[in-house]
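Residues per chain are reported as follows:
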There are 2 protein chains.
Amino acid sequence: MTLHEAFRSAPDHRQFAWAPAPSSGSLQPVFVPAGAGIYAQGEKSDRLYRVEFGAVRVYRLFADGRRQISAFHLCGEVFGFEAHATHHFFAEAICATGIRTLHASPADELLPVALQGLARAQAHLLLLGRQNAAERVAAFLIEMSERQGGLDRIELPMSRTDIADYLGLTIETVSRVLSKLRRKGIIRLPALRSVEIAKRTTLEDMAA
Amino acid sequence: MTLHEAFRSAPDHRQFAWAPAPSSGSLQPVFVPAGAGIYAQGEKSDRLYRVEFGAVRVYRLFADGRRQISAFHLCGEVFGFEAHATHHFFAEAICATGIRTLHASPADELLPVALQGLARAQAHLLLLGRQNAAERVAAFLIEMSERQGGLDRIELPMSRTDIADYLGLTIETVSRVLSKLRRKGIIRLPALRSVEIAKRTTLEDMAA
DNA sequence: CGCAGGTTTGAGCACCCTCAACGAATGTGG
DNA sequence: CCACATTCGTTGAGGGTGCTCAAACCTGCG
């Protein structure tokens, strides 16, 4: 079974949101239900996407099931140009999401977006290569807070599994670190996927 | 002590190869001795560089001394555009190296280079996030072989410390994995920084 | 030849993963 | 509206991979 087939047949990945390619891409946002795929590893890569609402995960699978999420994309962000001709990653809606297709843009508009993606990937390299579990989770919370306007209350669209696969940890470790942060009074967990930062400077120091 | 000061004063980092910025960048390659810096974290980032000969490491330091090398650049490769206005990384010559400065190029020339950097960074994310020590070292050897023409004999310009900081491991672990590969007959180590791949397919399978 | 830096190897331990069970939350059907 | 199923999240016990600390060994070079 190829990765692509695995992707389509996995119980989680219900269906692709749209047919392969309406030759004149839509300018209207397309609704993508939670868990649905946007593109898959091996598919032709010829356009970009912007998140209108919701959230997207971009990841790659190993043959043995290991998964690494290379990026989350939140409202307003552009993604999809991680390859030249064909995609090397899967992209899926995390929750109910609106996606707008962008038409081929001039290079001078694409370059800043590509550079931002590069900067994010490089920052993530540091985290995965040299930070321990507590530092990774702290950095993740700070990153999410900053990408949601710097507020102390964060709404996480993704599951613990997604967070773990983004941070190179297991769900148990993510859960344990969050619990420890809560016990220390650094964060509060008012709901399953809500986090409230109580001591931001402490958290920032931890993220190192 | 700031990172920048640490960089300049560290015993390893002898000196910068050139003065801050001859306003009309040189078209001749500049010789950079082993260990010398090319640019530093926090410096203004306004040009690109191409490796004419030798090799370069691009890395970031944590305050406590941890280091993550985000990329090696070998002969012919272009680097230096990892940031918008200021560098977020250090770049140093690994060995005696020739560097050519490139002048501001149009975006449509830069974009493919940026995308290749992005693809490499994303591939490295998988390695750091989800692969064990043996897989990392195997993948590194395969990568170096492919970047040196696909030959079975690899010349490594970098030290074990550099390899470890690239792969998110310690030098001891790198050394142990190499020894184990040698004992298994998968590679030979004819010199300290030479590797000969004896069983390429085995090594490729290990790299997953 | 002697020194210094880099590399290898070993012993012990810490952090994180694995496996397992429990608890909470959401959705479905009766 | 409640019982149940299912998924997701939390917590615990134990083990393994890779790190820390330490010493010996090369190897290049003055």
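Preceding block: the structure.
Residues numbered from 1 in each chain as written. Chains lettered and ligands numbered in written order. Predicted model: local features only at pLDDT ≥ 70, side-chain atom pairs only at ≥ 80, totals over all residues. Heavy atoms only, no water.

A. Structural context of the overall build of chain A. Across its full length, chain A holds 6 helices and 11 strands. A total of 208 residues make up chain A; the buried ones form 50% of that total. Summed over all atoms, the accessible surface of chain A reaches about 9500 Å², with 55% contributed by carbon and sulfur. (Helix = DSSP H or I, 4+ residues; strand = E, 2+ residues; numbered from the N terminus. Buried < 20%, exposed > 50% of the residue type's maximum accessible area, 1.4 Å probe, protein only. Areas by Shrake-Rupley, 256 points an atom, 1.4 Å probe, with all protein chains shown as cover.)

B. Spotlight on the relation of the copies chain B and chain A. You can overlay chain B on chain A at an RMSD of 0.1 Å; the transform is a turn of 180° with a shift of 0.0 Å along its axis. Considering both components of the superposition, the chain copies are consistent with a two-fold axis. An overlap of 100% is found between the interface residues of chain B and their copies at the interface of chain A, pointing to a shared contact surface. (Least-squares fit on C-alpha atoms with pLDDT ≥ 70 in both. Contact = heavy atoms within 4.5 Å.)

C. Structural view of the interface of chain B and chain A. Each partner contributes to the interface: chain B provides 37 residues, whereas chain A provides 37 residues. Between chain B and chain A, roughly 3400 Å² of surface is buried when both sides are summed, and carbon and sulfur atoms account for 70% of that area. The tally of links between chain B and chain A comes to 4 salt bridges. Linking chain B with chain A are 12 residue pairs in polar contact (both at pLDDT 80 or more), by the criterion used here. Taken together, the elements giving at least two residues each to the side of chain B that touches chain A come down to strand S5 (67–73), helix H2 (107–130) and helix H4 (160–167) of chain B. With 19 residues, H2(B) is the single largest residue contributor to the side of chain B that touches chain A. Of the residues contributing to the side of chain B that touches chain A, the split by class is 18 nonpolar, 11 polar and 8 charged. (Buried area = accessible area lost by both parts, 1.4 Å probe. Salt bridge = Lys/Arg side-chain N within 4 Å of Asp/Glu carboxyl O. Polar contact = N/O pair within 3.5 Å; in protein donor to acceptor, adjacent residues only side chain to side chain. Nonpolar A, V, L, I, M, F, W, Y, C, P; charged D, E, K, R; others polar.)

D. Main features of a positive patch on the surface. Residues Lys180(A), Arg182(A), Arg183(A) and Lys184(A) make up a contiguous surface patch of positive charge. Judged by its relative accessible area of 60%, Arg183(A) falls in the exposed class. (Patch = residues over 30% accessible without salt bridge, like charges linked within 9 Å, V, L, I, M, F, W, Y side chains within 5 Å. Lys, Arg positive; Asp, Glu negative; His and termini not counted. Charge placed at Lys NZ, Arg CZ, Asp CG, Glu CD.)

E. Spotlight on helix H5 (residues 171–183) of chain A. All names here are of chain A. Over its 13 residues, H5 runs 18 Å from end to end, which matches the ideal 18 Å to within 8%, given 1.5 Å per residue. Within H5, burial applies to Val-174, Val-177, Leu-178 and Leu-181. Buried residues in H5, looked at end-on, bunch into an arc of 100°, giving them a common side. Exposed and oriented more than 90 degrees from the buried face of H5 are Arg-176 and Arg-183. Structurally, H5 contributes buried residues whose contacts are with helix H3 (133–147), helix H4 (160–167), strand S10 (187–191) and helix H6 (200–207). Gly-185, located one to two residues past H5, shows a positive phi value of around 80°. (Expected span 1.5 Å × (residues − 1). Arc of directions from axis to C-beta.)

F. The arrangement of the packing of aromatic side chains in detail. One pass over the structure, following the stated rule, counts 16 aromatic pairs over all chains. Note on Phe140(B) and Tyr166(B): the rings are 5.9 Å apart at their centroids and 65° apart in plane angle, and the pair reads as edge-to-face. Taken as a pair, Phe140(B) in helix H3 (residues 133–147) and Tyr166(B) in helix H4 lie far apart in primary sequence, 26 residues in all. Within the aromatic cluster, the residues linked to one another by ring pairs are Tyr39(A), Tyr49(A) and Phe79(A). The positively charged end of Arg66(A) is found above the aromatic ring belonging to Phe62(A), 4.9 Å away from the centroid. In this structure, Arg67(A) is placed above the aromatic ring of Tyr59(A), and the distance from its NZ or CZ to the ring centre is 5.2 Å. (Phe/Tyr/Trp six-rings, centres within 6.5 Å; stacked < 30°, edge-to-face > 60°. Lys NZ or Arg CZ within 6 Å of the ring centre and 35° of its normal.)

G. Molecular detail of the sheet that holds strand S4 (residues 56–61) of chain A. An order of S2-S7-S4-S5 (chain A) is seen for the 4 strands of this open sheet, with the pairing classed as antiparallel. Looking at the sheet topology across the chains shown, the edges are occupied by strand S2 (37–39) and strand S5 (67–73) of chain A. On average, each strand axis in the sheet is inclined to that of its neighbour by 30°, with strand direction left out of account. As paired elements, S4(A) and strand S7 (residues 90–93) of chain A share 4 bridges and run antiparallel to each other. If you follow Val56(A) over to S7(A), its bridge partner there is Ala93(A). Sheet contacts for H4(A): S4 and S5 of chain A; angle to S5(A), the most-contacted strand, approximately 105°. Contacts between H2(B) and the sheet are confined to S4 and S5 of chain A, with S5(A) contributing the most and set at about 125° to the helix. (Pairing = 2+ DSSP bridges. Axes fitted to C-alpha atoms, helices over the stretch in contact; angles between N-to-C directions.)

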